[in-house]
Amino acid sequence: MAVFISIVSLLVSGGAKGDVAAHCARLSVQSQARERLVTGHGRRVVVIGDSYSVGLGLRDHETSWPSRLPGRVHVYGFSGSGFSAHASSCPHVEYDDRAPHALGGGADLVVVEGGLNDTDQPASAVRAGFRTLIGDLSGRSVLVVGPPPAPLRADGARRVDAVLREECARAGVPYLSMADRIFPYLDDDLHLTSAGHRTFGSIVSAAIDG
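Attention in this report is confined to the structure presented alongside it.

For the rest of this paragraph, the subject is the overall build of the chain. Each helix and strand counted, the chain has seven helices and five strands in total. Order of helices (α) and strands (β) in the chain, N terminus to C terminus: α-α-β-α-β-α-β-α-β-α-β-α. A compact globule built from 210 residues should have a C-alpha radius of gyration of about 17 Å, and the chain, at 16 Å, falls within 12% of that. Reported as C-alpha extents along the three principal axes, the dimensions of the chain are approximately 45 × 40 × 35 Å. Taking all 210 residues of the chain together, the buried fraction comes to 53%.

Pasting the structure below:
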């Protein structure tokens, strides 16, 4: 709840105005709703991600891809967010800003998923956000999952994938590329269908088990 309150406070105090404020407040509510949907049993798995982790476009958000993971899965997603500071028009929702809240209850494994919202950002901004985040996650088991080639942002997704691949190698963090995977998408050519979420989650689950 702390993240929701802080974001709304920023909006009201001038962090965003008008339609942007309303948009960000709506995304905050969706983020909090998904956070409350904890699935599975076993070790604590924390997912930090974007609209894919939230399940935007699904009838039942609880069935978004993290529900396929082994363990007791806690999802901290915010639609439109990414590694870079300005991936979203909403203030202070980049991954490194949200990591302390996500890690508040501890984590045996942290899965970081995203990159599709960083496709219009400079590589330097993606690198800077990634490095700050990895610093926040120091000493923890981490898996980074890159962006799939969603038709609407396919070229940009491949550029971000290359940056994340390089940064993970530099940091010694496991990286799961989705760049060559084929998924079914909704009519927006950006978000996954229910079947897409099942496939996406199964791929991540296999990487964890492997």
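All right, on to helix α6 (residues 154-171) then. With 18 residues, α6 extends 25 Å from end C-alpha to end C-alpha; this agrees with the ideal 26 Å at 1.5 Å per step. The set of residues buried in α6 consists of Ala154, Gly156, Ala157, Val160, Asp161, Val163, Leu164, Glu167 and Cys168. Of the surrounding elements, those touching the buried residues of α6 are α5 (123-136), β4 (142-145) and β5 (175-176). At the exit of α6 stands Gly172, carrying a positive phi of roughly 70°.

All chains considered together, the criterion is met by five aromatic pairs. An aromatic cluster of at least three residues, connected via ring pairs, comprises Tyr52, Trp65, Phe183 and Phe200.

Counting across every chain of the model gives five salt bridges. Here Glu166 and Arg127 are joined by a salt bridge, their closest N and O atoms 2.7 Å apart. On the criterion of sequence distance, the pair formed by Glu166 in helix α6 and Arg127 in helix α5 is long-range, its members being 39 residues apart. The exposure class assigned to Arg127 is partly exposed, which follows from its relative accessible area of 23%. Through salt bridges with shared partners, one network takes in Arg127, Arg131, Glu166 and Glu167.

Turning our eyes to something else, we now look at the pairing of β4. Looking along a regular strand, one sees the side chains alternate between the two faces of the sheet. Across the two faces of β4 the burial is the same, with Val142 and Val144 and Leu143 and Val145 all buried. Across four bridges, strand β3 (residues 109-113) lies against β4 in parallel orientation. Following the sheet pairing, Glu113 is matched in β4 by Val145. Handedness of the β-α-β unit built from β3, α5 and β4 comes out right-handed. For the crossover that starts at β4, traverses α6 and ends in the parallel β5, the hand is right-handed.

Right, let's talk about the state of the cysteines for a bit. In total, this model carries one disulfide according to the counting rule given. In this model Cys24 forms its disulfide with Cys90; the gap between the sulfur atoms is 2.1 Å. Taking the torsion about the sulfur-sulfur bond, which here is approximately -100°, the covalent link between Cys24 and Cys90 counts as left-handed. Of this pair, Cys24 sits in helix α2 (residues 18-35) while Cys90 sits in the loop between β2 (72-77) and α4 (95-102); the two residues are 66 residues apart in sequence, bridging distant segments of the chain. The burial state of Cys24 is the same as that of Cys90; both residues are buried.

Time to look at α4. Count 3.6 residues to each turn of an α-helix, and residues three or four apart come out pointing the same way. Those residues of α4 that sit buried are Tyr95, Asp96, Arg98, Ala99 and Ala102. Here the buried residues of α4 occupy an arc of 155° about the axis, which is enough to place them on one side.

Looking now at the sheet that holds β4. Paired through their backbone hydrogen bonds, the strands of a sheet run either parallel or antiparallel. Ordered in space as β2-β1-β3-β4-β5, the five strands form an open sheet in which the pairing is parallel. The open sheet has two free edges, formed respectively by β2 and β5, since each of these has just one partner strand. Bridge count for strand β1 (residues 44-49) against β3 is four bridges, and the pairing is parallel. Note on β3: the bridge partner recorded for Ile48 is Val112.

Rules behind the numbers
Residues numbered from 1 in each chain as written. Predicted model: local features only at pLDDT ≥ 70, side-chain atom pairs only at ≥ 80, totals over all residues. Heavy atoms only, no water. Helix = DSSP H or I, 4+ residues; strand = E, 2+ residues; numbered from the N terminus. Rg over C-alpha atoms; globule rule 2.2 N^0.38 Å. Buried < 20%, exposed > 50% of the residue type's maximum accessible area, 1.4 Å probe, protein only. Expected span 1.5 Å × (residues − 1). Contact = heavy atoms within 4.5 Å. Phe/Tyr/Trp six-rings, centres within 6.5 Å; stacked < 30°, edge-to-face > 60°. Salt bridge = Lys/Arg side-chain N within 4 Å of Asp/Glu carboxyl O. Pairing = 2+ DSSP bridges. Right-handed = clockwise from strand over helix to strand, strands pointing away. Disulfide = S-S within 2.5 Å. Arc of directions from axis to C-beta.

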